[in-house]
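Structural characterization, general
Listed below, chain by chain, are the residues.
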Amino acid sequence: VTLYHNPRCSKSRQTLALLEERGIEPEIIEYLETPPDAATITGLLDKLGIPALELVRRGEAPFAELGLAGKEDDDDALVEAMVSYPILIERPILVAGEQARIGRPPEAILDIL
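Reference entry: report on the structure contained in this document. (Residues numbered from 1 in each chain as written. Predicted model: local features only at pLDDT ≥ 70, side-chain atom pairs only at ≥ 80, totals over all residues. Heavy atoms only, no water.)

Turning next to the overall build of the protein. The helix and strand inventory of the protein stands at four helices and four strands. For 113 residues, the compact-globule formula gives about 13 Å, and the C-alpha radius of gyration of the protein, at 14 Å, lands near that figure. Projecting the C-alpha coordinates of the protein onto the three principal axes gives extents of approximately 45 × 25 × 25 Å. Per-residue burial over the protein gives 43% buried out of 113 residues. The contacts of the protein with a sequence gap of at least 6 include a subset with a gap of at least 24, amounting to 62%. For the protein, the distance from the average site of its 11 positive side-chain charges to the average site of its 21 negative ones is 7 Å. (Helix = DSSP H or I, 4+ residues; strand = E, 2+ residues; numbered from the N terminus. Rg over C-alpha atoms; globule rule 2.2 N^0.38 Å. Buried < 20%, exposed > 50% of the residue type's maximum accessible area, 1.4 Å probe, protein only. Contact = heavy atoms within 4.5 Å. Lys, Arg positive; Asp, Glu negative; His and termini not counted. Charge placed at Lys NZ, Arg CZ, Asp CG, Glu CD.)

Now for unusual backbone geometry. Here the residue pair Arg91 and Pro92 is connected by a cis peptide bond, since its omega of -10° sits within 30 degrees of zero. You can see Pro92 is positioned in the loop between α4 (75-84) and β3 (93-96). The omega torsion across Arg104 and Pro105 is 0°, close enough to zero to call that bond cis. When you line up the elements, Pro105 lands in the segment after β4 (99-102).

Our focus in this paragraph is the pairing of strand β2 (residues 27-30). The pairing of strand β1 (residues 2-5) with β2 spans four bridges and is parallel. Directly across from Tyr4, in β2, lies its bridge partner Ile29. The parallel pair β1 and β2 is bridged by helix α1 (residues 10-21), and the resulting crossover is right-handed. (Pairing = 2+ DSSP bridges. Right-handed = clockwise from strand over helix to strand, strands pointing away.)

With that settled, consider the pairing of β4. In β4, alternate side chains face the same way, and those of Ala100 and Ile102 are buried while those of Gln99 and Arg101 on the opposite face are not. Pairing geometry for β3 and β4, over four bridges, is antiparallel. Counted as the bridge partner of Ala96 is Gln99 from β4.

In spatial order, the strands read β2-β1-β3-β4; together these four strands make up an open sheet with mixed pairing. Edge strands, defined here as strands with exactly one partner in the open sheet, are β2 and β4. Averaged over all adjacent pairs, the angle separating strand axes in this sheet is 20°, with direction ignored. Across the sheet, α1 lies against β1, β2 and β3, angled at about 160° from β1, the strand it touches most. Contacts between helix α2 (residues 38-48) and the sheet are confined to β1, β3 and β4, with β4 contributing the most and set at about 90° to the helix. (Axes fitted to C-alpha atoms, helices over the stretch in contact; angles between N-to-C directions.)

Here we come to the nonpolar core. If you look at the biggest cluster of nonpolar residues, it comprises 24 residues, and the most contacted ones within it are Leu55, Met82 and Ile93. Going through the elements one at a time, α2, α4, β3 and β4 are the ones with two or more residues in this core. Here Ile93 is in contact with Thr2, Leu3, Tyr4, Leu44, Leu48, Leu55, Ala100, Arg101 and Ile102, once residues within four sequence places are set aside. In this structure, Leu3, Leu19, Ile109 and Ile112 belong to the second largest nonpolar core, which totals eight residues. (Core = buried A, V, L, I, M, F, W, Y, C linked by side-chain atoms within 4.5 Å.)

What follows is the structure in structure tokens.
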């Protein structure tokens, strides 16, 4: 399994702890340090089964600064924004095989383990 992780985020830390409690040592990708490219984000969206807007943290400053409020249905624009500003990516994201879940709440990941 792979965890897209932000160690400064409490939900991300809780999700990692939940995995470790179950003896699972995920591959950890600190996505703010190693941002995913557009193909990776698109792949995550496919595994999550959600539109790009559901992966975007709309409360972050770049969302407003980039004028994304008027582009909620433009997946390409949202993916490009997440590539350029990875702080916009909702976290944490756990990938297990062909499935993925956003760990909000952290227990949301349990159904794909």
